[in-house]
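What the coordinates show
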Amino acid sequence: MLTDAQKAKWHQDGYLRLEGFFDEATRDKISDFADNVSRWEVSTDKWMMWFEKTGDDRKIISKVENFLEYHDALRQTLLSDGRIFNAVQKLLDEDTRMLKELLIFKYPDSGGYRPHQDIYHIPHKLPERMVHAIAAVAIDDSAPDNGGLFFTPGR
């Protein structure tokens, strides 16, 4: 699935962009499922939701976590064939496990996020090391002018 050149780029730059990882029909399904999750009611014991205010003081959803257990179709679409899991294991050269899932919504007039380092930040007593890999699935077009992600090579 991944070429030696892609793996080398991962080790050199610290990230790898895989266009077409999901075909257009699958991306459309993922987008529809994410839209569905964005309309869920707030839960106190299942999924976790975060909100932010727009410039005109409207409350809009910004993130949902722990949703895969409650959305079978989305879980199947993302994980059933093991491609994400296998790609991450190949890049890291070791056994892996999924730590968490997170949907991030970036609507017009939302607060956005200041530049930051994405890493698991809850302190634990760790063995010799803990390596983190983030698999981000973009379902909308993104570019610097509409709030797309920026990756710093080698960092």
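In what follows, the accompanying structure is described. Fair warning: this is a prediction, and the values are worked out from it, not measured in the lab.

Under the defined criterion, the tally for this structure stands at nine salt bridges. Residue Asp-13 is joined to Lys-9 by a salt bridge in which the shortest nitrogen-to-oxygen separation is 2.3 Å. Note that Asp-13 and Lys-9 are positioned in helix α1 (residues 4–13) at a spacing of four residues, about one turn of the helix. Salt-bridge contacts for Arg-17 lead to Glu-19; the nearest nitrogen and oxygen are separated by 3.1 Å. Glu-19 sits in the exposed class, given a relative accessible area of 66%.

Relative to the elements of secondary structure, Val-88 occurs in helix α4 (residues 83–92). The class for Val-88 is buried, based on a relative accessible area of 19%. Sequence spacing of Val-88 and Ala-133 is 45 residues, and the spatial spacing of their C-alpha atoms is 7.1 Å. Each residue touching Val-88, except ones within four places of it in the same chain, is listed here: Thr-96 and Ala-133.

Judged by pairing direction, the sheet is antiparallel, and its three strands sit side by side in the order β1-β2-β3 without closing on themselves. The open sheet has two free edges, formed respectively by β1 (48–53) and β3 (102–104), since each of these has just one partner strand. Taking each pair of neighbouring strands and ignoring which way they run, the sheet shows an average axis angle of 30°. When β1 meets strand β2 (residues 59–65), the two strands line up antiparallel, connected through six bridges. Note on β2: the bridge partner recorded for Lys-53 is Lys-59.

What counts and what doesn't
Residues numbered from 1 in each chain as written. Predicted model: local features only at pLDDT ≥ 70, side-chain atom pairs only at ≥ 80, totals over all residues. Heavy atoms only, no water. Salt bridge = Lys/Arg side-chain N within 4 Å of Asp/Glu carboxyl O. Helix = DSSP H or I, 4+ residues; strand = E, 2+ residues; numbered from the N terminus. Buried < 20%, exposed > 50% of the residue type's maximum accessible area, 1.4 Å probe, protein only. Contact = heavy atoms within 4.5 Å. Pairing = 2+ DSSP bridges. Axes fitted to C-alpha atoms, helices over the stretch in contact; angles between N-to-C directions.

Honestly, it's all geometry; don't read function into it.
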